Amino acid sequence: MAASPSATISPSPPPASRKLTPRAGCTTESPLIRRLLIAVALAFIGLVLLLPLAAVFAEAFKRGADIYFAALAEPDALAAIRLTLITALIVVPLNTIFGIAAAWCLTKFAFRGKQWLITLIDLPFSVSPVIAGFLFILLFGAHGWFGSWLAAHDVQIVFALPGIVLATLFVTFPFVAREIIPIMQAQGTLEEEAAATLGAKGWRMFRHITLPNIKWGLLYGIIICNARAMGEFGAVSVVSGHIRGETNTLPLHVEILYNEYQFSAAFASASLLAALALLTLAAKQWLERTRA
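Counting restarts for each chain, with residues numbered from 1 along the sequence as it is written. Side-chain atom pairs in this predicted model are given and counted only at pLDDT of 80 or more, local residue features only at pLDDT of at least 70, and totals for whole chains, interfaces and linings cover all residues. Only hydrogens and water are removed before side-chain values are computed, so all heavy atoms of the structure are retained for them.

Draft legend 1. Seen up close, the overall build of the protein. Strands here are runs of E lasting at least two residues and helices are runs of H or I lasting at least four, both read from the DSSP assignment and numbered beginning at the N terminus. Of the regular secondary structure elements, the protein holds 15 helices and 0 strands. Rg of the C-alpha trace for the protein: 28 Å, well past the compact-globule value of 19 Å for 292 residues, more than 25% over. Taken along its principal axes, the extent of the C-alpha atoms in the protein is 115 × 55 × 30 Å. Under the scheme applied here, a residue whose accessible area is under 20% of the maximum for its type counts as buried, over 50% as exposed, and between as partly exposed, the area being computed with a 1.4 Å probe on protein chains only. Within the protein, buried positions represent 35% of all 292 residues. Every residue pair with non-hydrogen atoms within 4.5 Å of one another is taken to be in contact. Contacts in the protein between residues far apart in sequence, at least 24 positions, make up 70% of those at least 6 positions apart. Here the Shrake-Rupley method, with its probe set to 1.4 Å, supplies the accessible areas, and only the displayed protein chains count as covering residues. Total accessible area computed for the protein in this model is approximately 18,200 Å², and 69% of it derives from carbon and sulfur atoms. Only four residue types enter the charge count, namely Lys and Arg as positive and Asp and Glu as negative; His and the chain termini do not. Charged side chains are reduced to one point each, which is NZ for Lys, CZ for Arg, CG for Asp and CD for Glu. If the 21 positive side-chain charges of the protein are averaged to one point and the 16 negative ones to another, these points end up 16 Å apart. All radius of gyration figures rest on C-alpha atoms, and the globule criterion is 2.2 Å times the number of residues raised to 0.38.

If you want it as structure tokens, here you go:
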């Protein structure tokens, strides 16, 4: 008897068991298109980012290293650097505490008005820093809402360090919170709940469970916050009063020198801010590699 076709022909494997040949890339564009897009991106970065940074350092050292370091050693420059560092040393820890508290509140608890709080955290991203500075003038200026009370008690906020700190706080406070909120949302609450059933208290749970899970995002947020605090111009320019040697931060000092046609000194001070930007990028890259 002749064998039936079904007995002689082996069945084909199911589609799920077939091996697919992996593609070299995740897109269908030709190599020419990919190279063109990469070239456009590199050209844009070089034109907008690398070329201006190189020009700043070239102009800063154009008249020699002696002129460069002499410009940074001037009393007004040292005062601007000192004020910038003091402002960052005050603002960054406060923003770190606020960011952790806000992230913990938004990701671990459910309450009415939660979405409004998230919106308020994002508010400085949409408000111009100059407008933020004017808000503090409206509140604490000589003719502001609390101006007469502050004058009666001899409290100086505007045109002094407190006003600079408040303006910088307003501009920079979303950075830490916005870096760790998504991480804590992805983390969930299961680990904390398990620790609570074992008798762990809030602070111990934070140190041993929450903090290790958010440490890389927290460090990145601190780095970005510090860079923005040192480089803030608009809000600080409004509340500082531009008092040389007293209320001028480093960005304001650069503007004054440039307006006075002291280009070598202006670019020397600007190179410090450019170096800060490069250090921020290097720290970001190091954090990403370490985390990976």
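Draft legend 2. View of the UniProt feature "domain: ABC transmembrane type-1" (unreviewed entry) in the protein. Within this numbering scheme, the UniProt entry marks residues 81–284 as carrying the feature "domain: ABC transmembrane type-1" (unreviewed entry). For the annotated span residues 81–284, helix accounts for 79% and strand for 0% of the residues, and the straight-line distance between the end C-alpha atoms is 23 Å. UniProt positions are given in the numbering used here, feature names are shortened, and annotations may be inferred rather than shown by experiment.

Draft legend 3. Molecular detail of the UniProt feature "transmembrane region" (unreviewed entry) in the protein. UniProt marks residues 36–58, 78–104, 116–145, 157–177, 217–243 and 263–283 with the feature "transmembrane region" (unreviewed entry), using the numbering shown here. Within residues 36–58, the helical portion is 100% and the strand portion 0%, while the C-alpha atoms at the span's ends are 30 Å from each other. In the segment residues 78–104, helix accounts for 100% and strand for 0%; the C-alpha atoms at its two ends are 39 Å apart.

Draft legend 4. Spatial organisation of the state of the cysteines. Cysteine sulfur atoms are paired as a disulfide whenever they fall within 2.5 Å. Evaluation of the coordinates by the stated rule reveals 0 disulfides. Cysteine Cys105 is unpaired, with the sulfur of Cys225 as its nearest cysteine sulfur at 20 Å.

Draft legend 5. Expanded view of the confidence of the model for the protein. In this model, the protein carries a mean pLDDT of 84, and residues with pLDDT of at least 70 account for 90%. The secondary structure element of the protein with the lowest average pLDDT is helix H1 (residues 5–8), at 45, and the one with the highest is helix H9 (residues 161–172), at 94. Low confidence marks residues 1–12, where pLDDT is under 50. Its contacts with residues over four positions away, or in another chain, come to 2 contacts. Here residues 14–22 scores under 50 on pLDDT; set against residues more than four positions off or in separate chains, the count is 2 contacts. Confidence scores here are pLDDT values: one per residue, from the predictor, ranging 0 to 100.

Draft legend 6. Quick look at empty space enclosed by the protein. Space inside and on the surface of the protein is sampled on a 1 Å grid over the protein atoms alone, with a cavity defined as a set of points where a 1.4 Å probe fits but cannot get out and a pocket as an open set with protein on both sides within 12 Å along at least 5 of 7 lines; lining residues have an atom within 4 Å of a point. Grid points are joined across faces, edges and corners, and a volume is the space filled by probe spheres set on the points. Here the structure, examined in full by the defined rule, presents 1 cavity of 30 Å³ or more. What the largest cavity holds in volume is close to 30 Å³. Lining of the largest cavity is provided by Thr84, Thr87, Ile164, Thr168, Ala229, Met230, Glu232, Val236, Thr249 and Pro251. Looking at the lining of the largest cavity, the elements that each hand over two or more residues are helix H4 (75–108), H9 and helix H12 (202–231). Looking at the lining of the largest cavity residue by residue, the class counts come to 5 nonpolar, 4 polar and 1 charged. Residues are grouped as follows: nonpolar covers Ala, Val, Leu, Ile, Met, Phe, Trp, Tyr, Cys and Pro; charged covers Asp, Glu, Lys and Arg; every other residue, Gly included, is treated as polar.

Draft legend 7. The arrangement of the layout of surface pockets in detail. Approximately 190 Å³ is the volume attributed to the largest pocket. Contributing to the lining of the largest pocket are 13 residues, with Phe140, Gly141, Ala142, Gln156 and Val158 lying nearest its centre. Broken down by secondary-structure element, the contributors of at least two residues to the lining of the largest pocket are helix H7 (129–140) and helix H8 (147–152). In terms of residue count, the dominant contributor to the lining of the largest pocket is H8 (3 residues). For the lining of the largest pocket, the class distribution of residues is 9 nonpolar, 3 polar and 1 charged. Its boundaries defined by the atoms lining it, the second largest pocket holds a volume of some 150 Å³. If you go around the second largest pocket, the residues you meet are Ala227, Gly231, Leu273, Leu276, Ala277 and Thr280. At the level of secondary structure, the elements contributing two or more residues to the lining of the second largest pocket comprise H12 and helix H15 (263–291). Of the residues forming the lining of the second largest pocket, the biggest block, 4 residues, is contributed by H15. Residue composition of the lining of the second largest pocket, grouped by class: 4 nonpolar, 2 polar and no charged.

Draft legend 8. Geometry of the side chain of Ser264. For Ser264, the location among the structural elements is in helix H15. Contact partners of Ser264, with chain neighbours within four places excluded, come to Arg63 and Ile67.

Draft legend 9. Main features of the packing of helix H11 (residues 190–197) against H12. Lines fitted to the C-alpha atoms define the axes, with helices restricted to the stretch that makes contact. Angles between their N-to-C directions range from 0 to 180 degrees. Two elements in contact, H11 and H12, have axes separated by 10 Å at closest approach and are oriented at 165°. Between H11 and H12, the angle falls in the class roughly antiparallel. Remark: the crossing between H11 and H12 carries right-handed chirality. Every residue of H12 that contacts H11 at Glu191, Glu192, Ala195 and Ala196 is listed here: Met205, Ile209, Thr210 and Asn213. Residues that form the contact of H11 with H12 fall into these classes: 4 nonpolar, 2 polar and 2 charged. Orientation is classified from the angle alone, with under 35 degrees giving roughly parallel, over 145 giving roughly antiparallel, 65 to 115 giving roughly perpendicular, and any other angle giving oblique. Left-handed describes a crossing whose near helix is turned anticlockwise from the far helix through less than a right angle; right-handed describes the clockwise counterpart.

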